[in-house]
Amino acid sequence: MSASRRRTDAPVAVVDLDGTLCDYDGAAARDVARALGGDRVSAATRLRIERLVTSQPGWWASLKPLPTGFRILRLLRGMGFRLAVLTKGPAGSHGAWSEKVAWCARHLPDADVTVTHDKALVHGRVMVDDWPEAIEGWLRWRPQALVLMPAQPWNRGFRHPNVRRIATAKDLARAKPGLAAIARG
Ligand SMILES: [Mg+2]
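As the structure is a prediction and not an experimental result, all values here were calculated from the model.

### Notes on the overall build of the protein chain
Right, on to step 1. Helices and strands together make up the secondary structure of the protein chain, namely seven helices and six strands.
Right, on to step 2. Dimensions of the protein chain along its principal axes, counting C-alpha atoms only, are 55 × 35 × 30 Å.
Right, on to step 3. Per-residue burial over the protein chain gives 28% buried out of 185 residues.
Right, on to step 4. In the protein chain, of all internal contacts separated by at least 6 residues, the share reaching a separation of at least 24 is 63%.

Here it is, written out as structure tokens:
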């Protein structure tokens, strides 16, 4: 167990999984396309197929890590943050909940893990998340918190005074002074 986990007085950074640390969207798009075999279907049918392919045993556990998310994680770990994965569990698939925990045990064994229906319930001083709606819901109760948002096509236009969008190493370096202030307490 690493030092960041043992330090229970350290400031907490909550870190999302899908679209932040693991490539849900890439894997879902690939497997839905494979299932459709070029057929055109409605958005509702597409969603049903996505639910089917993602509910295959082992699907969530085999998702690939995303480099930007892990670069952010390394920085936070080095600055002494306590790492806590904070991920939404799909309502209809409890198998996914346990596979998310298994994924964390394999890829970031020093982090705590919370799988929840509502991220706003969980405490932290820093959030790492790609999804604007989740960020706004969480910040509503923590107006002083800082959010690092890994760049994704779906968050391109999102602006918020507490949010730093991270696409490059330079973006991450720019976020460092704010993180250091929080790490100092
Ligand atoms: Mg996400």
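### Side note on the domain arrangement of the protein chain
Where the parts come together, the accessible area they lose is often given as the size of the interface.
Right, on to step 1. Partitioning the protein chain into domains gives domain 1 (3-23 + 64-184) and domain 2 (25-60).
Right, on to step 2. For domain 1 versus domain 2, the distance between C-alpha centres works out to 26 Å.
Right, on to step 3. Taken residue by residue, the interface counts nine residues in domain 1 and seven residues in domain 2.
Right, on to step 4. Of the residues contributing to the side of domain 1 that touches domain 2, the split by class is two nonpolar, four polar and three charged.

### Remarks on the nonpolar core
Right, on to step 1. Among the nonpolar cores identified, the biggest contains 35 residues, and Ala13, Val15, Leu83, Val126 and Leu148 are the most heavily contacted of them.
Right, on to step 2. Looking at this core, the element that brings in the most residues is strand β5 (residues 146-150), giving four residues.
Right, on to step 3. Those residues within four positions of Leu148 in sequence are excluded, and the remaining contacts are Ile72, Val126, Val128, Arg164, Ile166 and Ala175.

### Things to note about helix α7 (residues 169-184)
Right, on to step 1. Between its first and last C-alpha atoms α7 spans 22 Å; for 16 residues at 1.5 Å apiece the expected length is 22 Å, and the two agree.
Right, on to step 2. The axis of α7 is deflected most strongly, by about 35°, at Lys176, and proline Pro177 appears within four residues downstream.
Right, on to step 3. In the segment just after α7, Gly185 is the residue with positive phi, at about 85°.

### Brief notes about the sheet that holds strand β2 (residues 82-88)
Right, on to step 1. Taken in spatial order, the six strands of this open sheet run β3-β2-β1-β4-β5-β6, and their pairing is parallel. Looking at which strands have only one partner, the edges of the open sheet turn out to be β3 (112-116) and β6 (163-166). Taking each pair of neighbouring strands and ignoring which way they run, the sheet shows an average axis angle of 20°.
Right, on to step 2. In the sheet, strand β1 (residues 12-15) pairs with strand β4 (residues 126-128) via three bridges, with the strands oriented parallel. Its bridge partner lying in β4, Ala13 is registered against Val126.
Right, on to step 3. Along the sheet, helix α6 (residues 132-139) contacts β4, β5 and β6; its crossing angle with β5, the most-contacted strand, is approximately 175°.
Right, on to step 4. Those strands touched by α7 are β4, β5 and β6, and its axis lies near 145° from that of β6.

### Things to note about the pairing of β5
Right, on to step 1. Buried residues dominate β5, accounting for five of its five residues.
Right, on to step 2. Here β5 shows two buried faces, one formed by Leu146, Leu148 and Pro150 and the other by Val147 and Met149.
Right, on to step 3. Pairing of β4 with β5, which is carried by three bridges, proceeds in the parallel orientation. Counted as the bridge partner of Val126 is Leu146 from β5.
Right, on to step 4. Following the backbone out of β4, through α6 and into the adjacent parallel β5, one traces a crossover that is right-handed.

Cut-off values and rules
Residues numbered from 1 in each chain as written. Predicted model: local features only at pLDDT ≥ 70, side-chain atom pairs only at ≥ 80, totals over all residues. Helix = DSSP H or I, 4+ residues; strand = E, 2+ residues; numbered from the N terminus. Buried ≥ 20, exposed ≤ 12 C-beta atoms within 10 Å, placed from the backbone. Contact = placed C-beta atoms within 7 Å. Domains from an automatic or database assignment. Nonpolar A, V, L, I, M, F, W, Y, C, P; charged D, E, K, R; others polar. Core = buried A, V, L, I, M, F, W, Y, C linked by C-beta atoms within 7 Å. Expected span 1.5 Å × (residues − 1). Bend = angle between axes of the 7 residues up to and from the residue. Pairing = 2+ DSSP bridges. Axes fitted to C-alpha atoms, helices over the stretch in contact; angles between N-to-C directions. Right-handed = clockwise from strand over helix to strand, strands pointing away.

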